[in-house]
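# Structural characterization, general
Residues per chain, in single letters:
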Amino acid sequence: DETIVLSELAKRMGIKANEMIVKLMGMGVMATVNQTIDYDTAVLVAGEFGYEVEKASFEEEVILKKTTEDDPEKLAARPPVVTIMGHVDHGKTSLLDVIRKTRVTEGEAGGITQHIGAYHVQTDKGVIAFLDTPGHEAFSAMRSRGAKVTDIVVLVVAADDGVMPQTVEAINHSKASGVPIIVAVNKMDKPDADPDRVQRELSEHGLVPEAWGGDAIFVMVSAKQNTGIDELLEMILLQAEILELKANPDKLASGHVVEAKLDSGRGPVATVLVQEGTLRAGDSVVCGMHYGKIRVLQDDLGRTVESAGPSMPVEIVGLSGVPMAGDELVALADEKDARQVSQHRIQKQRSKELAKTNRLSLEGLFEKM
Ligand code: GDP
Ligand code: MG
């Protein structure tokens, strides 16, 4: 369903909008300067002026396909990407903190501050990437935009509080996106901790522990006392093995934006989870409506890195604008292609918005009549 704004089409063809309106009128189409016209009409009217119209969306698909084709021989195991979810105050942040500290050597511990809302830990048995999503809303927003960035959900439930509304919400989100859940029963150090109650309540929501004949994985932890954390990480890696997570690191990168902002000094800055290929400084990328050449890549501790492979969260600088969480990022061999795809998307968005305003003003008109 391609459309273009009349004035934009006229501009691209180098003719006056009025001439086009007159020409369209001659063809029996009444249109104003800001009105969108459909692809077939555009082809007809452009033909009247001796132009041929190329379908830009078709081009976009061709351009993007060049870099997304995969060679099965090149697939390699990649680390799992984990999102921690659960009811407020059940210990999500505390758990993320204690996991993050496990990888930091004693000497560093004081000076480490997390730089971005995503990080990865190196355990004896493998690497795990964690996304520090601001909440369930971000998760469902990403899901609704078709961005699948999580392989495994760790569901945190406080042992002294049990299943609460946001616990159920998290279960529903995970189920809807087909992501396996590992339950972390937290606050086991508390005197009124009641893990049996948690298991009973979760069983009612389809999460039956293995010990009770089900297939849900439960790990008892205390973020406060740092107990059960190693076992939790082990379970994550075990689940990852079952999922056989693979990606081809040996091609141009693609991934999704986890968060983005406008930095007063550096301009648009985005945290991107690389999902396929390897992202490198100097790469040309399309990211949502924007494009650019990657100037700087930084890891979660703010250190400049040369590249980032599959499942690596990385902060990038060099985009033409601030993308949205959930936007896809694709690296392209040709800078011109990146700009073209971006421009096409902006154009499409503008057409959509103008179509909306036109409809609104028409409706307003009818109301007055
Ligand atoms: P979030 O809202 O899920 O991110 O929860 P927080 O990590 O902010 O924790 C909420 C409160 O629970 C804080 O006061 C934590 O100190 C406390 N808390 C978190 N984990 C534990 C735990 O394992 N044991 C105890 N006793 N308190 C905890
Ligand atoms: Mg928190």
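Residues numbered from 1 in each chain as written. Chains lettered and ligands numbered in written order. Predicted model: local features only at pLDDT ≥ 70, side-chain atom pairs only at ≥ 80, totals over all residues. Heavy atoms only, no water.

An unreviewed UniProt entry lists the chain under the name Translation initiation factor IF-2, from Desulfosarcina widdelii.

## Brief notes about unusual backbone geometry
Positive phi, close to 70°, is recorded for Asp89, a residue that is not glycine. Among the structural elements, Asp89 can be located in the loop between β4 (81–86) and α5 (92–102). The class of Asp89 is exposed, set by a relative accessible area of 63%. The residue Ser311 is not glycine, and still its phi comes out positive at about 70°. Residue position: Ser311 is located in the loop between β16 (307–308) and β17 (313–319). (Helix = DSSP H or I, 4+ residues; strand = E, 2+ residues; numbered from the N terminus. Buried < 20%, exposed > 50% of the residue type's maximum accessible area, 1.4 Å probe, protein only.)

## A closer look at the nonpolar core
If you look at the biggest cluster of nonpolar residues, it comprises 26 residues, and the most contacted ones within it are Leu95, Ile99, Phe130, Leu232 and Ile236. Mapped by element, the contributors of at least two residues to this core are β4, α5, β5 (118–123), β6 (126–131), β7 (152–158), β8 (181–186), β9 (217–220) and α9 (229–243). For Ile99, the residues in contact, after removing those within four places along its chain, are Ile84, Tyr119, Val121, Phe130, Ile229, Leu232 and Leu233. Membership of the second largest hydrophobic core comes to 17 residues, among which are Val179, Val198, Leu202 and Ala216. (Core = buried A, V, L, I, M, F, W, Y, C linked by side-chain atoms within 4.5 Å. Contact = heavy atoms within 4.5 Å.)

## Quick notes on the site of ligand 1
Close to ligand 1 lie 15 residues, the nearest being Asp89, Lys92, Thr93, Ser94 and Asp189. In this structure, an oxygen atom belonging to ligand 1 sits 3.4 Å away from a main-chain N or O atom of His90. When the free accessible area of ligand 1 is taken as 580 Å², the share hidden by the protein chains comes to 71%. Of the residues forming the shell around ligand 1, the biggest block, three residues, is contributed by α5. Taken together, the residues of the shell around ligand 1 break down into two nonpolar, seven polar and six charged. (Near = heavy atom within 4 Å. Polar contact = N/O pair within 3.5 Å; in protein donor to acceptor, adjacent residues only side chain to side chain. Areas by Shrake-Rupley, 256 points an atom, 1.4 Å probe, with all protein chains shown as cover. Nonpolar A, V, L, I, M, F, W, Y, C, P; charged D, E, K, R; others polar.)

## Looking at the sheet that holds β9
What the six strands build is an open sheet, ordered β5-β6-β4-β7-β8-β9; its pairing is mixed. Edge positions in the open sheet fall to β5 and β9, since each of these has one partner strand only. Put simply, the sheet's adjacent strands are angled 30° from each other on average, direction ignored. Bridge count for β4 against β7 is five bridges, and the pairing is parallel. Looking across to β7, one finds that Ile84 is bridged to Val154. Lying on the sheet, α9 is in contact with β4, β5, β6, β7, β8 and β9; it crosses β6 at an angle near 100°. (Pairing = 2+ DSSP bridges. Axes fitted to C-alpha atoms, helices over the stretch in contact; angles between N-to-C directions.)

## Examining the environment of Gln239
Residue placement: Gln239 occurs in helix α9. Beyond its immediate chain neighbours, meaning those up to four positions away, Gln239 contacts Ile152, Pro180, Ile182 and Ile217.

## Details of the packing of aromatic side chains
Overall, the coordinates contain one aromatic pair when judged by the stated rule. We note Lys23 situated over the ring of Phe49; from NZ or CZ to the ring centre the distance is 5.2 Å. (Phe/Tyr/Trp six-rings, centres within 6.5 Å; stacked < 30°, edge-to-face > 60°. Lys NZ or Arg CZ within 6 Å of the ring centre and 35° of its normal.)

## A look at the pairing of β4
Summarising burial for β4: six of the six residues are buried, a large majority. A two-sided burial pattern is seen for β4, the buried positions comprising Val81, Thr83 and Met85 on one face and Val82, Ile84 and Gly86 on the other.

## Some details on the packing of helix α2 (residues 17–26) against helix α3 (residues 39–48)
One way to put it is that α2 packs onto α3 with a least axis distance of 10 Å and a crossing angle of 110°. Accordingly, the angle class assigned to the pair α2 and α3 is roughly perpendicular. Across from Met20, Lys23 and Leu24 in α2, the residues of α3 making contact are Thr41, Val45 and Glu48. The residue inventory of the contact of α2 with α3, partitioned by class, reads three nonpolar, one polar and two charged. (Parallel < 35°, antiparallel > 145°, perpendicular 65-115°, else oblique.)

## Focus: the sheet that holds strand β18 (residues 328–332)
Read around the closed barrel, the six strands follow the order β11-β12-β17-β15-β14-β18; overall the barrel is antiparallel. Neighbour-to-neighbour, the strand axes of this sheet turn through a mean angle of 45°, independent of strand direction. As defined by bridge partners, strand β14 (residues 284–287) adjoins strand β15 (residues 290–298) across four bridges and the pair is classed as antiparallel. When the sheet's bridge partners are listed, Val285 is paired in β15 with Gly292.

## A look at the pattern of salt bridges
With the rule as written, the count across this model stands at twelve salt bridges. With its nearest N and O atoms 3.7 Å apart, the salt bridge here joins Lys246 to Glu244. Salt-bridge contacts for Arg303 lead to Asp299; the nearest nitrogen and oxygen are separated by 2.9 Å. We classify Asp299 as buried; its relative accessible area is 9%. Several salt bridges converge on common partners, so that one network encompasses Asp263, Arg266 and Glu315. (Salt bridge = Lys/Arg side-chain N within 4 Å of Asp/Glu carboxyl O.)

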